[in-house]
Amino acid sequence: MPDRPTLLEEAQEDALRTRALEMLRAAFPDYRIVYGGGDGPPRRPVIRPRSGSPTRRAACAGSSSSPSSPTVAGSRPSARRAGDAVPPSPADPSGRRFDARGDRSVHAVATVVRERALADLHGLPPTSEVFHRIAEEIHASCPQASRFKCFRLAHGWTVEEAIENFHLMCDREGVKRRGLTERSWREWEAGSRPDRDYTDLLCRLFETGPVQLGFARDYTPEHMRAYSAPPPDPIAMAADEASAHAERAEASELGSSAIERLRAEVVWIGRRYVWEAPLPLFVEMRGLQDRTRKALDKRIHPGQASELYFLTGALCGLMANVSMDLGRRVPADTLARAAWTYGRIAGHAPLMGWARGMQSQVALWDKRYHDALGYSEEGLNVLSRGAGGARLYMLKARACAMLSRRAEALEALARAEEARAAGEGDELHDEMAGEFAFLPAKQHYYASVTRLHLGDSRSAIEEGWSSLRLYADDDAHNRSYGCEAMARAHLVIAHLMEDDAEGADRAVAPLLSLPPERRISSLALTLGAGRALLAAHPDGERTARQIESFCAVGLPQAVPAISDGGTR
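Values in this document were obtained by computation on a predicted structure and should not be read as measured data.

Reading guide: rules and limits
- Residues numbered from 1 in each chain as written.
- Predicted model: local features only at pLDDT ≥ 70, side-chain atom pairs only at ≥ 80, totals over all residues.
- Heavy atoms only, no water.
- Axes fitted to C-alpha atoms, helices over the stretch in contact; angles between N-to-C directions.
- Helix = DSSP H or I, 4+ residues; strand = E, 2+ residues; numbered from the N terminus.
- Parallel < 35°, antiparallel > 145°, perpendicular 65-115°, else oblique.
- Left-handed = near helix turned anticlockwise from the far one by under 90°.
- Contact = heavy atoms within 4.5 Å.
- Nonpolar A, V, L, I, M, F, W, Y, C, P; charged D, E, K, R; others polar.
- Salt bridge = Lys/Arg side-chain N within 4 Å of Asp/Glu carboxyl O.
- Buried < 20%, exposed > 50% of the residue type's maximum accessible area, 1.4 Å probe, protein only.
- Expected span 1.5 Å × (residues − 1).
- Arc of directions from axis to C-beta.
- pLDDT = per-residue confidence, 0-100.
- Core = buried A, V, L, I, M, F, W, Y, C linked by side-chain atoms within 4.5 Å.
- Phe/Tyr/Trp six-rings, centres within 6.5 Å; stacked < 30°, edge-to-face > 60°.
- Lys NZ or Arg CZ within 6 Å of the ring centre and 35° of its normal.

**Topic: the packing of helix 19 (residues 440–453) against helix 21 (residues 481–497)**
Relative orientation of the contacting elements helix 19 and helix 21 amounts to 30 degrees, with a least axis distance of 10 Å. By the angle class used here, helix 19 and helix 21 are roughly parallel. Once helix 19 is placed against helix 21, the crossing between them reads as left-handed. Judged by residue contacts, Lys442, Tyr445, Val449 and Leu452 of helix 19 engage Cys483, Met486, Ala487, His490, Ile493, Ala494 and Met497 from helix 21. Classifying every residue of the contact of helix 19 with helix 21 gives nine nonpolar, one polar and one charged.

**Side note on the pattern of salt bridges**
The final tally for this structure, using the stated rule, is 25 salt bridges. Arginine 204 is the partner of glutamate 173 in a salt bridge, and the nearest nitrogen-oxygen pair spans 3.7 Å. Here glutamate 173 is found in helix 6 (residues 159–173), whereas its partner arginine 204 is found in helix 8 (residues 196–206), with 31 residues between them in sequence. Residue classification places glutamate 173 among the partly exposed residues on the basis of a relative accessible area of 46%. Residues joined by salt bridges that share partners form a network here, namely Arg329, Asp366, Arg368 and Asp371.

**Thoughts on helix 11 (residues 278–296)**
It helps to recall that an α-helix has 3.6 residues per turn; residues three or four apart then point in one direction. End to end, helix 11 covers 27 Å across 19 residues, agreeing with the expected 27 Å (1.5 Å per residue, within 8%). Those residues of helix 11 that fall on the buried side of the exposure criterion are Pro278, Leu281, Met285, Leu288, Gln289, Thr292, Ala295 and Leu296. End-on view of helix 11: buried residues confined to an arc of 110 degrees, all on one side of the axis. Turned more than 90 degrees away from the buried face of helix 11, the exposed residues are Val283, Arg286 and Lys294. Buried-residue contacts for helix 11 involve helix 10 (256–272), helix 12 (302–325) and helix 21.

**Some remarks on the confidence of the model for the protein chain**
In the predicted model, the protein chain carries a mean pLDDT of 78, and the fraction of residues at 70 or more is 69%. Ranking the helices and strands of the protein chain by mean pLDDT puts helix 15 (residues 369–382) first, with 96, and helix 2 (residues 54–61) last, with 44. Counting contacts from residues 37–43, a segment whose pLDDT is below 50, to residues more than four positions away or on other chains yields five contacts. Counted against residues more than four places away or in other chains, residues 53–101, with its pLDDT under 50, gives 58 contacts.

**Concerning unusual backbone geometry**
One non-glycine residue with positive phi stands out, namely histidine 122, at about 55 degrees. One can find histidine 122 in the loop between helix 3 (100–119) and helix 4 (128–141). Unusually for a residue other than glycine, glutamate 207 sits at a positive phi of about 55 degrees. Relative to the elements of secondary structure, glutamate 207 occurs in the loop between helix 8 and helix 9 (234–249).

**Let's talk about the nonpolar core**
Core analysis: the largest hydrophobic core is formed by 90 residues, its most contacted members being Val266, Met285, Phe310, Met358, Met394, Leu428 and Tyr445. In this structure, Leu121, Phe151, Trp185 and Cys203 belong to the second largest nonpolar core, which totals 35 residues.

**A short note on the packing of helix 17 (residues 406–422) against helix 19**
Running from amino to carboxyl end, helix 17 crosses helix 19 at an angle of 175 degrees, the nearest separation of the two axes being 11 Å. Classed by the angle they form, the pair helix 17 and helix 19 counts as roughly antiparallel. Contacts between helix 17 and helix 19 involve Leu410, Leu413, Ala416, Glu417 and Arg420 from the former and Pro440, Gln443, Ala447, Thr450 and Arg451 from the latter. Considering only residue class, the contact of helix 17 with helix 19 consists of five nonpolar, two polar and three charged.

**Overview of the packing of aromatic side chains**
The final tally for this structure, using the stated rule, is 15 aromatic pairs. Consider the rings of tryptophan 268 and tryptophan 275, whose centres lie 6.0 Å apart with planes at 65 degrees: the pair is edge-to-face. Note on tryptophan 275: relative accessible area 18%, which makes it buried. Their ring planes at 70 degrees and their centres at 5.3 Å tell us that phenylalanine 438 and tyrosine 446 sit as a pair that is edge-to-face. For the pair shown, phenylalanine 438 and tyrosine 446 are each scored as buried. Each residue in the set Phe148, Phe151, Trp157, Phe166, Trp185, Trp188, Tyr198, Phe206 and Phe215 is aromatic and connected to the rest through ring pairs, giving one cluster. Taking the ring centre of tryptophan 340 as reference, the NZ or CZ of arginine 356 above it sits at 3.8 Å. A cation over an aromatic ring shows up here: arginine 398 above the ring of tyrosine 446, its NZ or CZ 4.8 Å from the ring centre.

Given below as structure tokens:
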């Protein structure tokens, strides 16, 4: 038995046949040219005169054709002979027509996508994740093809081979073989849906779900799909593939383009942290850090090593921040300490100062106020000016306030203003910015918290609203939703300390619409204190119930408990 042609060979043959038809039609405009061959594969063109052409009229009158014209097969008007007309395309169960050329173009695209993806594996066997990615890319390039068909093409199977693999899967799973036919399979690819039993078996075969195969719809609300992987972007995927190949093409030493790319990705993920939910970003941070660590294992120059240690430490800092937003204080402290170590190896004072500040924040939420004060002072030993120095002074002020050291707290507040005015900016806080930035709006929020712990509720209210005004006036990408939410939560307490239930309602109202995936764990702790004060107020019972519902529903990132606190 001869070998069956591959999908790519079929597509190439179809393209050659189409080109030949175009040349014949251009040479004989008065003739209708189609491929004959009956129900089998088309083999040779058949030339017939068009209706109304002189040749057609001559043929009908019984005259012979001109010697210079091609031989034309005669036929009776009432009968269709082989090749006389192209029969209509069969319809699928939904009423759509099959398009042979379109179907072959899908096969050609699928072959290219599949072979490129397999080449990237360098001989390794493809995983289910690879097949899913291939299927999604085929569907993105050929949306007319059903998702079920795209999964078959992703595996490189013909329909017959797919059915054979279906039966082999049944044998492996210990399931009785079904009487699956080629007709049923093609109907499913055309839009029909199998019954529940076949749907389950097909999902097992392709290791996916009915939604991915196009047999069901996903009715999950958009805001609850935050943790789903984004749909494949062919342009971004092409850019990533080109960049990855360029890195491999460089010499054995790490090239400058590879470090530039890593740095750009660290900067971008740090900026996205300001406005995106933390949990999905943590996965990206971890993968990016794995790449920086592998880069450090290469033979690199001292300057490159210093840059990579800095980037790895910055990612440790961001992951520490995420850990605190998830309520995981112990991992957060460990990651912050690692960031300090990487900063010390790289000789990067801003990173060292930021890391000590992160440890101070962890200690504050852990109620280890002496440790928090000690970490902030250690950070000030290496970074005492600019935005980074201002942040450390503000953390020192908060720790002193919790220790009832009023004079020291007020002095630290004043020193923070001086540090910001005296600084010239640094690589971490001002150039990379994002979550590392310490903007005036955040400084006013920290001042509000410190004033509140000092018992000065009026000043806390003034500082809190100043923070919210600055956030509202700033660019949207600089508006930290976490800090805004925490500023409002502390304003609720400050207004209630002034016996102002109306002001508390005004502060908390926008906060209650925060999506569940953005409710960092520290909000529950802070709002819990505000709810208790509201419940005791004559006009605060309704708002107290709203806060209770807010804290009870959602907060999916708070692991293991809501009350563990966060970094904001």
